[in-house]
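Structural features, examined
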Amino acid sequence: MVKLYVVIPCYNEEAVLEETASRLKQKFTQLSDRHRITDDSRIVFVDDGSRDRTWELIEQFHAQNDLFMGVKLSRNRGHQNALLAGLYSVRNMADAVVSMDADLQDDIDALDQFLDEFSKGAEVVYGVRSSRKKDSFFKKFSAEGFYRLMNFMGADIVFNHADYRLLSNRALNGLFEFKEVNLFLRGIVPMIGYQSSKVYYERSERFAGESKYPLKKMLAFAFEGITSLTIKPIRLIISLGCMMLLVSVGMLVYFLVQHALGHTVAGWTSLIVSIWAIGALQLISIGVIGEYVGKVYLETKERPRFLIEQFLKDETAQEREDIQGQVMSEKMRKG
Ligand code: UDP
Ligand code: MG
């Protein structure tokens, strides 16, 4: 049996929250009847500074039933931060934590499969939507474009996976080793490592209320993701500069030939070649400076260099380590 926590960020979700709570409660009863989850499993709502009755509702759920827990943020901090706050609040409380949206777009019945994968040993399970039949053409186009752009820019994210996922407690603790402030969850979770798997589910329409992710927010989100994961845009500047340099060399040859044939006005050849060559050199130089800035940027994130999955050792190994430790401190004292 698994002690399961479900974390749900909510921003102005009064229209759906009651339905979400009652459906999840049903699901939890069903799962614990089938002995898949323990009785002390919980549903955690995170109120992301809503301006409507969301928090009142959460308080009400909590008062009526221990199954529900609530976390209230001091103000609206956006979906990613709200989710992170929820995950952080419940770390080390459960065996596994599932994050999902409040609007019932993520198929609750996929929880069974999540638990299956978890019991097979997966520490990270990605919920991947199997189709976008129910999306409007625009949403489908923009969302798939988002994943393509992200991958092209070097951000390694799972295609068509949003934030419906299961993390084992160990993976969750791994996640919190990433100290960066701009934590882009979809990009960071694959970096945690450990055994992972995918669960496919049909994503339905929002149950009620409207999307809190208009195009503007989505573009900002993509930009945020790219700039917080990779410095590939800087590399692109360098490549562009190199390409321009090649072009300028080609043009030099071409214009020299034209010059020799007398097809040009005096001064034009040198002028046009310099424009291209200087432009190219500037781009390359900016790119090189950018590389260093990028290094500084990545260093300031203080990401964990590794997370250890297993360490096979016996007690003697433990002892020897202690002796080594003593020797070390001995040396330090002398030196
Ligand atoms: N959300 C949040 N803070 C925000 C915006 C959204 O906590 O500032 C939550 C929202 O309540 C929902 C989830 O993030 O549970 C996903 O938002 P939404 O369904 O509006 O996005 P979409 O599914 O349209 O991409
Ligand atoms: Mg939604």
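Bear in mind the structure is a predicted one, so any value in this text is a computation, not a measurement.

Rules behind the numbers
Residues numbered from 1 in each chain as written. Chains lettered and ligands numbered in written order. Predicted model: local features only at pLDDT ≥ 70, side-chain atom pairs only at ≥ 80, totals over all residues. Heavy atoms only, no water. Donors = N, O, S within 2.8 Å, 3.2 Å for Na, K, Ca; no water. Buried < 20%, exposed > 50% of the residue type's maximum accessible area, 1.4 Å probe, protein only. Near = heavy atom within 4 Å. Polar contact = N/O pair within 3.5 Å; in protein donor to acceptor, adjacent residues only side chain to side chain. Areas by Shrake-Rupley, 256 points an atom, 1.4 Å probe, with all protein chains shown as cover. Nonpolar A, V, L, I, M, F, W, Y, C, P; charged D, E, K, R; others polar. Helix = DSSP H or I, 4+ residues; strand = E, 2+ residues; numbered from the N terminus. Salt bridge = Lys/Arg side-chain N within 4 Å of Asp/Glu carboxyl O. Contact = heavy atoms within 4.5 Å. Expected span 1.5 Å × (residues − 1). Arc of directions from axis to C-beta. Pairing = 2+ DSSP bridges. Axes fitted to C-alpha atoms, helices over the stretch in contact; angles between N-to-C directions.

**Considering the coordination of the magnesium ion (ligand 2)**
- For the magnesium ion (ligand 2), the protein coordination sphere consists of Asp103 (OD) and Gln105 (OE1), at 1.9 Å. Gln105 shares its class with Asp103; the two are buried.

**Observations concerning the site of ligand 1**
- Neighbouring ligand 1 are 19 residues; Glu13, Asp48, Asp103, Ser211 and Lys212 lie closest to it.
- Tyr11 is positioned with one of its backbone polar atoms (N or O) 2.8 Å from an oxygen atom of ligand 1.
- A distance of 2.6 Å is found between a nitrogen atom of ligand 1 and a side-chain nitrogen or oxygen belonging to Asp48.
- Within the complex, the protein chains bury 94% of what would otherwise be the 540 Å² of accessible surface of ligand 1.
- For the shell around ligand 1, a count of residues per class yields five nonpolar, five polar and nine charged.

**A closer look at unusual backbone geometry**
- Notably, His35 is not glycine yet its phi reads approximately 60 degrees, a positive angle.
- Along the polypeptide, His35 turns up in the loop between helix H1 (14-33) and strand E2 (42-47).
- By relative accessible area, which is 58% here, His35 ends up exposed.
- The backbone phi angle of Leu104 is positive, close to 65 degrees, even though this residue is not glycine.
- Within the secondary structure, Leu104 is located in the loop between strand E4 (96-99) and helix H4 (111-119).
- Overall, the relative accessible area of 8% leaves Leu104 in the buried class.

**Description of the pattern of salt bridges**
- Counted under the stated rule, the structure contains twelve salt bridges.
- Asp112 serves as the salt-bridge partner of Lys27, at 2.7 Å between the closest nitrogen and oxygen. Remark: Asp112 occurs in helix H4 and Lys27 occurs in helix H1; sequence separation between them is 85 residues.
- When its relative accessible area of 5% is taken as the criterion, Lys27 is described as buried.
- Classification of Asp112 by relative accessible area gives buried; the value is 14%.
- One network of salt bridges, in which partners are shared, links Lys27, Arg34, Asp109 and Asp112.

**Structural notes on the side chain of Thr38**
- On the secondary structure map, Thr38 appears in the loop between H1 and E2.
- Setting aside residues no more than four positions away along its own chain, Thr38 makes contact with Met1, Val2, Lys3 and Ser32.

**Observations concerning H1**
- For H1, with 20 residues, the first-to-last C-alpha span of 29 Å sits near the 28 Å given by 1.5 Å per residue.
- Regarding H1, the residues found buried are Val16, Leu17, Thr20, Ala21, Leu24, Lys27, Phe28, Leu31 and Ser32. Viewed along the axis of H1, the buried residues span an arc of 140 degrees, placing them on a single side of the element. Along H1, the residues that are exposed and aim more than 90 degrees away from the buried face are Gln26 and Asp33.
- On its buried face, H1 sits against strand E1 (4-10), E2, helix H2 (54-64), strand E3 (68-72) and H4.
- Looking one or two residues beyond H1, the residue adopting positive phi is His35, at roughly 60 degrees.

**Some remarks on the sheet that holds E4**
- With mixed pairing, seven strands are arranged side by side in an open sheet as E3-E2-E1-E4-E6-E5-E7. In this open sheet, the two strands that pair with only one neighbour each are E3 and strand E7 (196-201). Averaged over all pairs of adjacent strands, the angle between their axes in this sheet comes to 20 degrees, without regard to strand direction.
- Sheet topology note: the strand E5 (residues 124-129)/strand E6 (residues 161-168) ladder contains four bridges and is antiparallel.

Everything listed is a geometric property; what it means functionally is a separate question.
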